[in-house]
Every structure is written in structure tokens, then in C-alpha cells.
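Chain residues, written in single-letter form:
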Amino acid sequence: MMVDLLEKDSNIPVVAARNGEPLKPDTLYVCPPSYNIEISKHDTIVLSLMSENRHIPRPSVDMLFESLAMAKGEAAIGIVLSGTGTDGSRGIRAIKGEGGFGVAQDPNTAKYDGMPNSAINSGNVDLILPPEEIGPELQNISSFPRQVPLGFETNLSRESYFEILRILKRRFKIDFTLYKETTIMRRIERRMTALKLIKVKEYVTYLSDKETEAELLFNDMLIGVTAFFRDARAFNYLQDELKHYLKSKENKVIRVWTPGCSTGEEPYSIAIILSEILGQTIEEYKIQIFATDIDKRAVEFARNGVYPESALQNLPDKIKRKYFTVDGEHFQVIKPVKSMVIFSVHDLTVDPPFLRLDLLSCRNLLIYFNLELQRQILPVFHYALNPRGLLFLGQSESIGVFQETFRSLSKSGKIFEANFLGKKVPPERNKSRRSLVDFVQDMPTEKAQRSSAAKKSVDTLGDLITRKTRELMLPYAILVNDNLDIVYSQGKNPLLVRPEGLPTNNIYQNIHPSLAIDLRSSLHLLDSGQSIAHSPFQKMVIKEETSWARLILIDIEHQAGMGHLILIFCQIENVLDLPITQVEGGESNQALFKEQERQLLKTKEQLQTVIEELETSNEEMQSMNEELQSSNEELQSSNEELETTNEELQSTNEELQTAYSELRVAYEDKDRQQMELERLANELEKTNTLLMDAETLGKTGSFRWNVPVNTMEWSQGVYRLLGLEIENYQPTYEALVGLVYSDDRKIFEDFIDNVLSRKHAESITFRAWNSEKQNIWLKLEVAVSFNSLKQAQYVMGTVTDITQLTGTQNELQHHKGMVEALSSTLGSIYIFDFDLGHISYVNQHYSATFGYTQGDFKEHNLEDFMKLIHSDDRTKVQEHFAKVKNSNLGEVFNINFRFKPKNGEGYLEIQSKDTLLKRNEGETQQPHAMLCVLSE
């Protein structure tokens, strides 16, 4: 139907979409009812049946947009038109994440502005236009000249690039300098295309003048594509590793940090995994999941924990039902899971990290950082993690050169374990929030770049000289860091000696013992401000040859990602290569030389003692300094946590205020419900009173039998019938059977067995003993409920005292027997029942004479009976009936009247002799029935 309607006003073909059909240009496809529509990477249509349990309008625009983003990337354009709800907002975000365009209808022109407003408020819309302008704008975007991608070697100057970053930094206090340049250039290029600007300088001017453009570009920088359990296989690996980790964990505190959390799907996924692992024991643990991001809007969205149904489309139904509740057209994370996660705005590159972590999940964030920033961040991760803590990275990320600090646990899952390297020292940062610098001034100019190119040939010759000097004169070199650990060694250095015991990279433990004192002295010279220090030559035996060796130390300024370094050249010379020093005085000076040598040795021993004491003191001071640094870092981290907690408290306070309002409404509802409950209680009391009165008058009672546990509940009517007291009697099935008359007990038990085996027995009449040992007749009527296994669960029923009724029936049967005996000699006989108002018995002679059977009178009343009597005789007969009713037992009255037989047309003249047969019991003793004997 929709195809036919659209086809009338369309200039292009309009067709119903079919699964697997290739997409054709200039064609409008309409999704069939009850299906979702998506686009594959091979440009074909993918249709999927909707779930029966749906909560938002279908088909899902989010699913279509997300598939479009994956298939078309930067070429994708998503348009959100008039509609209710929020469908389309998440899909627009996915398109923006892949570099595509987002367009929304101007809400002022929309009949239903829910969907356009939701997309615009997400910050992922490039153009807001009325419907009539969207088509021409799409043509403009597609025809906009595609220039060469931005690059420093082509059409983007470094001055313009860093000016753009400086504007963003000044406005939002975020430094994008160390983010990957290609990613930032794509975002800039996309904004230029949206504004139809060709030159970068024009865009820089526009960015400077328009604050709104800075916000749009900043939002583009922050686009993050995320999902619940993104890459499910990796999360399965994580769940397995977390199980092993938690089994060996000594305390009950679990701390997790997810930097770059975006809209919160990842931290909530981890919270769900912990809930699945811990199960019922989760209440014993204190779980804190710190989820941070620099995008305030994303953090606010994540803190609410409300997601469209399309965000949960790949989750198993079990997880949806267990951890989410339906909130209107959305799904909301349950409170136990939300309470684990603490959201905060946090810049990973400058703010202090969260410490003592068991798990750090940073997935698909490092890919946006350049190598220098990655080498700054990974040591921070190691410092933040507990020993053996887990690091969870994205599929395209790795730990790089930090193989010693992390051990791979799962290559497929990208899960690493933090190695224990002794006491931790807070890693150095190049920049901090308190000392922001104008990095534009520090960047080399284009002129410097050109001059460096001009020197390329000269640098090549210099490299040749450096290489030869290193190979022939100083082949042995060592690089040590601030901790005096060896980070690099060049050449097979004979002065490096591996010590016994636990392996270590400390330079003092690995250098030749003869040079340890000289090394310490040279390092002291560097600490005092010298840039180069030389140790004196020392005589030693190397490879069974006497040689002379010394150390040349060079201080190297701070290196990005590596910190402060010291370069140590090891110079080894043969004794024959050294110049000979002439000593005057000959043998006469030998004693003086020996004395000086003895004093020198003694001085060295004393110096060694002083050095050892100084080393001990220095180590203590260094330990104290490290502890102070660590404490300072922990204080900064604690402050960050307090700020985060404060934000959560503010959010909680708002929730409490909302909850208070809801609670007040709930209390008002409760008061109304209480009044209604009191009213119902009064009605119930009245009903119970009426029920008790009805049971008393009707001589009946009710019961309920729980078959599996064999417990019974009796109403007061049952106790009253049996003459038992509620306080002194505990009803059970066995007790009830014990009250049944012995001759009827077998019949009673067979009846119960038939009921429990679904043989549809409904009622039984039996005799029982009451508390006064009197034999009474009871009628039992039951109904049974069965469980799913077709086993009897409950038996409900009523018990009625029919002793009087049974006696009356027996007496009536006795009278009927007498009448039958008389009828064989007296002729036509009938019994008229005054209580029922009709004839209750006729004998065979009566039926043969008049044609009426007993059944013919069953539905008759006195008026119907009088219609069978001739109209002239009716008054006489009515007076006769009244006379008989008021007579005494044994009196006989005669009457002649005309009576109409069943099959005849006229009337028969008959004579009737009538007598009162029985009166009812009681004080009034009302007449019950009369016996009539007829003759023609």
C-alpha cells in the first residue's frame, strides 16, 4: 500500500525491499511491514523479522543507520525526519563515528519533533534544514569538489593545524597535540565540506569567529563508536580471566577503571560480567567501576543508564531480562548494576589515574593517540594496576615496547597482566593541567623544515663519521634511566658482569667491580651540573690480558616517552697503547712510592666505608622520597575520586529529590489505598459474617486440602457440623477419614482416590460421627487443581449436613412404598405436594386412565393443575384443597369434579377421596402433602 501511495508522487521507481536484492541507484526502497531493514557491505538489502516483544516503533532507523555506517563509512549520510521518540539518534552517532554526515529536519517544520530534536541534542547533526531544502543540499554535498585529503606535505600548513588545536585547547582545556594527526585532519576536512570551505585558512578564520563551530568540531573529535559487549569473543576471554583472578584475590574489594567510556556501554558490560561471575556472593564485595571520559554529554548520558532497544539488539534475551527494565520506549540498567559504576569527566592524558586497580579496560582509545602519547600512557596504566592486575585493550592495540611490564594472558582477547617490578614510582608526564603551554610557539616553522631538508646531505656524512667512531673507538655503550637501570646496551661489553641471584638491570650490580667507585663518583659530577664526566683509567685483566679501562658519562636531556637518560661509553685500551710516564729518582724513590701506595690503599678503604654508609643513607632517603611521591600521587588520585564521588552525590541528590516527590505521591496513594483497604476489610468482614450465617443456616462448611504437604484448612462451618473445637483439633486427611462411619470408610477413600487420579468424581454422600457420637449424614462436593505435572495440588470442597433431608427422603420413600401397595387395590392415586405446588407422585393406574405420567407434572404449579379442571368446578376444588390442608391426619373428604385427560378432548366425571398425608416437622407443622384416590 505504501509503495502505491508514494509511486504516484515520485519521479524515481518506488519498490518494496526484498531480502538479498542488490541496491540500484535512483531507486526508493520501502521496508515491508514486520521487518527491519539493513544494508550489507556488498550493497545488498538485509531484511530481518521483528521481535514480537518490541517497545519502540519499527522498523528501527538506528539499525539501518548503523549498517549504513559500516558499509559506506565516510560516504554515508543519515537523515532524521519527523517522528516521535528517539529512534535515529544512536544511528546518526554511528555514521558520524565513521566520518559520515548527519542531517535533521528543522523541528519547527516537523509535525512530530521528537526524533529530530533527539538527533540534534545528541550533537551529531551537521545540518538542520526544512524538508524542501534537504534535497538540494544533498546535491550540493555530493557535487562539492573533493580535494586532496589534508596533509602537511600537500595543502595544510603546520601553523594552521596547530592554530586549530590551540583554539580547541583554549576553549575546552583539552590538548589534542599528541592525538593522531590523520584522525584530526579527517574531522577538520569533514567540517570544511559541511561549510563548503576549500581553503584551510578560511576555516581557521571561521573557527575563530564562530564559537558554535568550535563546539561542533570538538564534538566531532569525541565521536566514539561503542556497544554492549563489543567483540563478544574478547569479553568471553575477559570473563574467564576475571574468574581466575578473583579466585586468588585475598580481599573483597574490586576496583575497575574504564577510561574513554563514551556513553557507558563498556563499564556496564563489565559490571554485568562481575554480576554473572559472583552471583549471590556479590553482596559480600565492594565493587567500584570508575568510568571516565572527556565528553561531558556522553558521561551524563551514561550516568542515566537509559538506552534505546537498538543498543541491546545483540544481547541475549537472558541478559536483557535480568539486567534491564523497560522504561517506556527505552531500556534502563537495573539499579544494582548502576550502583557499581561511578561516572566522571576525566582527561587521561593529564589527570591523575585511579590507583589500586584490579582491571583497567581501555579499548579502542589508544588507536587515536600517537606513539609518543601511547608510551606516556602505558606506564601510567602499569602504575595504576595492582600486581597481577588485568589490562584489557582493543583488537587493534598492543603494549608496544613495554614487554617487561606486562605479560600477555590472551592474545586473541588482548588481555595482559601487570608484572610486579618492585616498588612503583609515579611515571613522569610531559604536560599537566596546571602548566599549559602554547605549543604553537614551540613548533618548528616551515622555514626550519626547508632548512633541514637542505642539510640532509650534510647529516648523511655526519652519520657516517658517527658510525665509524662508534665502531672503531667507542664500540661499547650503555643507556641507563633515572632509576639507574640499564635500558639499552651496545656491543658485547666485557665490563658488564651479570651478578648471581635474582636478575636485575641496576648498573651498579652489572658493572665490573673495579669501576663501581669511579662510576659513582662520575654520576655525582653529573648531578652537580656537569654534562660530561670522565673516570680515571683503571688497570684490570680482561680476557686474560692486562688492559686499562675508564668510563665516559654523558647527561641526556628528557626524552619523550623515556624520561631522563645517561649515556655511558666504556673505553678499553691495551697497556701498550698508553703513553709511558717517566719517574725521576730511580730506586731511591721506591720507599716513598710504597708508602704513598699504602696510604692510598688505606684512604680507599676509608672512602669505601664512607661510601657504603652514604649509600645506605641515600637509599633510605630515596625510599622516603619514593614513598612521598607515591603518597602524593595517591592523594591526587583520592582527590580525583572525591571529585567523582561528589558528582555522583550531586546526581544521587537529584535522584533523591525526584524519589522524594515520587515517594510523597506514593504515600498519598498509600493513604488512598489504606482507606480503600479499610473499606474492603469492612466489606470482607460483612461478607465473612454473611458466609458464617449462611453456613449456619444451610448446615454447610468448606475446606481446603494441600495434598503434597497433607495439611487441611476448615471453615468454622465444618467444625460446627462435627461439633469440634478449633483450638483442640488439628484437621488432616487421616483425621477426616477417622470421623467417617466405618461401613462407609472404604467408599469414602475410593472416592478420594478417584478425585486425585482425575476420574472426575464430584460428590459423595456418607455417614460420619460427630463429637456426641451421633451418626449424621454428610454430602461432600469437591474440585481439584493440578500442577504442570498433572499431579493433584489442592482439593477444595464443601461439606453439607443432609441428615434431616435423608430422613425425610427415607420417610417419603416409605410412604411411597405404602402408596404403591395401596395403589394396586384402590385404583388411580396421586399425591399433591403443598410445598412444591404440584403433583409429586402418580401410580400406573392413574397414568393408564388419564394419560399423565409423573414427569408431566414436574414443571407444573397449582395454577397449571387447576387448568386441567373444568372451569365450573375450579372454585369448588380450590376450596376442597384448602379444607384438606387444614384438616387433621386421618380425616377423609369426598369431592366430585370434571378432569381433562391428556389425550382426550372432553372431561371425565371423577370422584376423589382425599386425606392429609403428612405435616412438616417444627412448631408450626405446616401441611406437607395430601393423598388423593380417584374413581370414575
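In this text the structure is predicted, and so the values were computed from the model without any measurement.

(A) Looking closely at the pattern of salt bridges. This model, assessed by the stated rule, comprises 24 salt bridges. Residues Asp43 and Lys72 are paired through a salt bridge, measuring 2.6 Å at the closest nitrogen-oxygen approach. In this pair, Asp43 sits in the loop between β3 (35–39) and β4 (45–49) while Lys72 sits in helix α2 (residues 61–72), placing the two residues 29 residues apart along the sequence. A residue is classified by how much of its surface remains accessible, and Asp43, at 30% relative accessible area, is partly exposed.

(B) A look at the sheet that holds strand β25 (residues 711–714). Pairing within the open sheet is antiparallel, and its five strands lie in the order β25-β24-β28-β27-β26. Only two strands of the sheet have a single partner each, and these edge strands are β25 and β26 (763–769). Here the strands of the sheet are splayed against their neighbours by 25° on average, with no regard to which way each runs. Pairing between strand β24 (residues 700–706) and strand β28 (residues 792–801): seven bridges, direction antiparallel. Following the sheet pairing, Trp705 is matched in β28 by Val795. Across the sheet, helix α24 (residues 745–756) lies against β24, β26, β27 (775–786) and β28, angled at about 15° from β27, the strand it touches most.

(C) Up close: the packing of helix α10 (residues 232–247) against helix α11 (residues 265–278). Here α10 crosses α11 at 50°, and the two axes come no closer than 10 Å. Viewed along their axes, α10 and α11 adopt a mutual orientation that is oblique. Between α10 and α11 lies a crossing of right-handed hand. Packed against α10, whose contacting residues are Phe235, Leu238, Gln239, Leu242, Lys243 and Leu246, the element α11 presents Glu266, Ser269, Ile270, Ile273, Leu274, Glu276, Ile277 and Leu278 at the interface. In terms of residue class, the contact of α10 with α11 is built from nine nonpolar, two polar and three charged.

(D) Structural detail: the pairing of strand β8 (residues 253–259). Counting buried positions along β8 yields six of seven residues, so the element is predominantly enclosed. Here β8 pairs with strand β9 (residues 286–293) via seven bridges, running parallel. Note that in β9 the partner of Trp257 across the bridge is Phe290. Each parallel crossover has a hand, and for β8 linked through α11 to β9 it is right-handed. By the bridge criterion, two bridges tie β8 to strand β14 (residues 357–362) in an arrangement that is parallel. What sits directly across from Val256, in β14, is Leu359.

(E) Inspection of helix α12 (residues 296–304) at higher detail. Among all positions in α12, only Ala298, Val299, Ala302 and Arg303 are buried. The buried residues of α12 occupy one face: seen down the axis, they fall within an arc of 135°. Backbone nitrogen of Arg297 and a side-chain oxygen of the N-cap are separated by 3.1 Å at the start of α12; the cap is Asp295. Positioned one or two residues after α12, Gly305 has a phi angle of 70°, which is positive.

(F) Expanded view of the sheet that holds strand β32 (residues 908–919). Taken together, the five strands give an open sheet; going across it, the order is β30-β29-β33-β32-β31, and neighbouring strands pair in antiparallel fashion. In this open sheet, the two edge strands, each paired with only one partner strand, are β30 (838–842) and β31 (892–899). Direction aside, neighbouring strands of the sheet carry axes that sit 30° apart on average. Against the sheet, helix α28 (residues 874–885) contacts β29 (828–833), β31, β32 and β33 (927–935), and its axis sits at roughly 155° relative to β31.

(G) Broad picture of the nonpolar core. Core analysis: the biggest nonpolar cluster contains 53 residues, and Phe176, Ile188, Leu360, Phe381, Leu391 and Phe406 have the highest contact counts within it. Mapped onto this core, the elements with two or more residues apiece are α6 (158–172), α7 (181–195), α8 (200–209), α9 (211–221), β14, α15 (371–384), β15 (385–393) and β17 (415–418). With residues near it in sequence (within four places) discarded, Leu391 still touches Leu360, Leu378, Phe381, Leu385, Ile399, Phe406, Lys414, Ile415 and Phe416.

(H) How the structure looks around the side chain of Glu397. Checked against the element boundaries, Glu397 lands in the loop between β15 and β16 (406–410). Despite its burial, Glu397 remains without a salt bridge, the nearest opposite charge being carried by Arg363 at 6.7 Å. There is a polar contact of 3.3 Å between the side chain of Glu397 and the backbone nitrogen of Ile367. Excluding anything up to four places from it in sequence, Glu397 contacts Cys362, Arg363, Asn364, Leu365, Leu366, Ile367 and Lys414.

What counts, and at which threshold
Residues numbered from 1 in each chain as written. Predicted model: local features only at pLDDT ≥ 70, side-chain atom pairs only at ≥ 80, totals over all residues. Heavy atoms only, no water. Salt bridge = Lys/Arg side-chain N within 4 Å of Asp/Glu carboxyl O. Helix = DSSP H or I, 4+ residues; strand = E, 2+ residues; numbered from the N terminus. Buried < 20%, exposed > 50% of the residue type's maximum accessible area, 1.4 Å probe, protein only. Pairing = 2+ DSSP bridges. Axes fitted to C-alpha atoms, helices over the stretch in contact; angles between N-to-C directions. Contact = heavy atoms within 4.5 Å. Parallel < 35°, antiparallel > 145°, perpendicular 65-115°, else oblique. Left-handed = near helix turned anticlockwise from the far one by under 90°. Nonpolar A, V, L, I, M, F, W, Y, C, P; charged D, E, K, R; others polar. Right-handed = clockwise from strand over helix to strand, strands pointing away. Arc of directions from axis to C-beta. Polar contact = N/O pair within 3.5 Å; in protein donor to acceptor, adjacent residues only side chain to side chain. Core = buried A, V, L, I, M, F, W, Y, C linked by side-chain atoms within 4.5 Å. Lys, Arg positive; Asp, Glu negative; His and termini not counted.

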